[in-house]
Amino acid sequence: MTRITDVRLRRVLDSRGNATVEADVLTESGGFGRAAAPSGASTGEYEAIELPPSEAIAKARELAVPRLEGGVYAGNQRDVDAALHAADGTDDFGVIGANSAVAISMAAAKAGADVLGAPLFQHLGGAFRGGSFPTPLGNVVGGGEHAADATHIQEFLAAPVGAPSVADAVFANAAVHAEVADLLDERDVACGKGDEGAWAPSIDDAEAFEIVDEATSTVADEFGFEIGFGLDVAGAELYDADEDAYVYGDETRSTEEQVEYIAGLVDEYDLVYVEDPLDEDAYDAFAELTDRVGDRTLVCGDDLFVTNTERLAEGIDAGAGNSILVKPNQIGTLSDAFDAIELAVRHGYDPVVSHRSGETEDTTIAHLAVATDAPFIKTGAVGGERTAKLNELIRIADDAL
Ligand SMILES: C=C(OP(=O)(O)O)C(=O)O
Ligand SMILES: [Mg+2]
């Protein structure tokens, strides 16, 4: 029933105004799925390869589409993803592009769900999923590679850990975003927004901590539940290998000092989440930091693990981190993303399903998070391509798909 009859690929716009790959998958019995690849700006060195969309589409049409059409069932995700790997023949999707691969992989999953008449999260996760929801981490202030002339730390993330429902959590993050705007206004700081919709003020990181701390406390009092906050430091972007130091404008920190700095921030602000506090090769320093603060906060590897089971296994051996960021386009298929989540959970690492800075209206990651019972999802706080995922979580919880 779910035998694939057509795979159609096209270029569409992403939220930065760049082209990205969209895939449609059609099945014999009329099933239909559509998905689009997101795209990073602060990409990890070890991510699967994103090719220019036209090239990725041409290569996928030549090598992957003939293997899929007529020969593979969309309901069998492992077979779809194995066909994509076989068509590519490399271990990083360097031939057809991880952007083509992930768009097809996600579109096939949606087509499989469509034939079954089941929501995507249920097709992926089974009949017993849909009862618990991830806490959304909402980017409210940011800079780094996502905005010029703003904070050095890439993302300050509201974390409504005490929210009684996913809808309450989503509205709380939007309220923190609005409160931050008021606090910036009071300080006469004018600013625009970064790629993910977070405010991108030209202030130093210390001031951003003050503002986000105050905004989360104010909104927590208003909403009546606990709202913490966390960070994506995007340490690989700050790390200068020649100087062997983390560069914050005029200030630099050695690896030891960086560990000390982050551990201090965790305690000063009760941070619930710290992503990529160190460079993408710094397994030992990650392990040292995890040893120091891993009992009271999540130390999450994004560029460190790149959703890759081999890199995660190295991290598990080293004791580096206690959490993994999961971005399907970093590894190229949903099967690979599931494998990373399952390996993580088996070893006590919390998976955090994530958007990219360049996004579309695609909602697959909302379903992936529910399907895998991930405790967190990182998908922004405001902005259409971000609220597409947040509103889908609300619909899933409301049984309104
Ligand atoms: C979402 C992120 O940004 P990008 O997509 O630019 O890697 C991130 O670093 O976690
Ligand atoms: Mg990151």
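Going by what an unreviewed UniProt entry lists, the protein chain is known as Enolase and is assigned to Halorubellus litoreus. Regarding the protein chain, the UniProt comment filed under Function (unreviewed entry) reads as follows: "Catalyzes the reversible conversion of 2-phosphoglycerate (2-PG) into phosphoenolpyruvate (PEP). It is essential for the degradation of carbohydrates via glycolysis." Database annotation for the protein chain, UniProt heading Sequence similarities (unreviewed entry): "Belongs to the enolase family."

Draft legend 1. Here's a closer look at the UniProt feature "domain: Enolase C-terminal TIM barrel" (unreviewed entry) in the protein chain. In the UniProt entry, the feature "domain: Enolase C-terminal TIM barrel" (unreviewed entry) is given for residues 130–401. In the segment residues 130–401, helix accounts for 44% and strand for 18%; the C-alpha atoms at its two ends are 12 Å apart.

Draft legend 2. Geometry of the site of ligand 1. The full set close to ligand 1 counts 16 residues, and Ala41, His146, Arg356, Ser357 and Lys378 are the nearest of them. Asp302 is positioned such that a nitrogen or oxygen atom in its side chain is 3.0 Å from an oxygen atom of ligand 1. Between ligand 1 and the protein, one listed contact pairs an oxygen atom with a side-chain N or O atom of Lys378 at 2.7 Å. With respect to the pocket detection grid, ligand 1 is positioned in the second largest cavity. Each residue belonging to the shell around ligand 1 can be placed in one class, and the counts come to two nonpolar, six polar and eight charged. The residue makeup of the shell around ligand 1 includes at least three contributed by each of domain 1 (4–117) and domain 2 (135–397).

Draft legend 3. Inspection of the UniProt feature "binding site: (2R)-2-phosphoglycerate" (unreviewed entry) in the protein chain at higher detail. Mapped onto this numbering, the UniProt entry annotates "binding site: (2R)-2-phosphoglycerate" (unreviewed entry) at Gln154, Lys327, Arg356, Ser357 and Lys378. Cross-referencing the annotated residues with the largest cavity identifies Lys327 and Arg356 as lining it. Within the secondary structure, Lys327 sits in the loop between β14 (323–326) and α12 (328–331). Setting aside residues no more than four positions away along its own chain, Lys327 makes contact with Asp302, Thr307, Ser354, His355 and Arg356. Here Arg356 is to be found in the loop between β15 (350–354) and α14 (364–371). According to the relative accessible area criterion, Arg356 is buried, its value standing at 2%. In contact with Arg356, not counting residues within four places along its chain, are Pro38, Ser39, Gly40, Ser42, Thr43, Glu47, Glu196, Lys327, Asn329, Gln330 and Arg386.

Scoring rules and cut-offs
- Residues numbered from 1 in each chain as written.
- Chains lettered and ligands numbered in written order.
- Predicted model: local features only at pLDDT ≥ 70, side-chain atom pairs only at ≥ 80, totals over all residues.
- Heavy atoms only, no water.
- UniProt positions renumbered as here; feature names shortened; annotations may be inferred.
- Helix = DSSP H or I, 4+ residues; strand = E, 2+ residues; numbered from the N terminus.
- Near = heavy atom within 4 Å.
- Polar contact = N/O pair within 3.5 Å; in protein donor to acceptor, adjacent residues only side chain to side chain.
- 1 Å grid on protein atoms, 1.4 Å probe; cavity = no way out; pocket = protein on both sides within 12 Å on 5 of 7 lines; lining within 4 Å.
- Sits in = over half its atoms within 2 Å of the grid points.
- Nonpolar A, V, L, I, M, F, W, Y, C, P; charged D, E, K, R; others polar.
- Domains from an automatic or database assignment.
- Contact = heavy atoms within 4.5 Å.
- Buried < 20%, exposed > 50% of the residue type's maximum accessible area, 1.4 Å probe, protein only.

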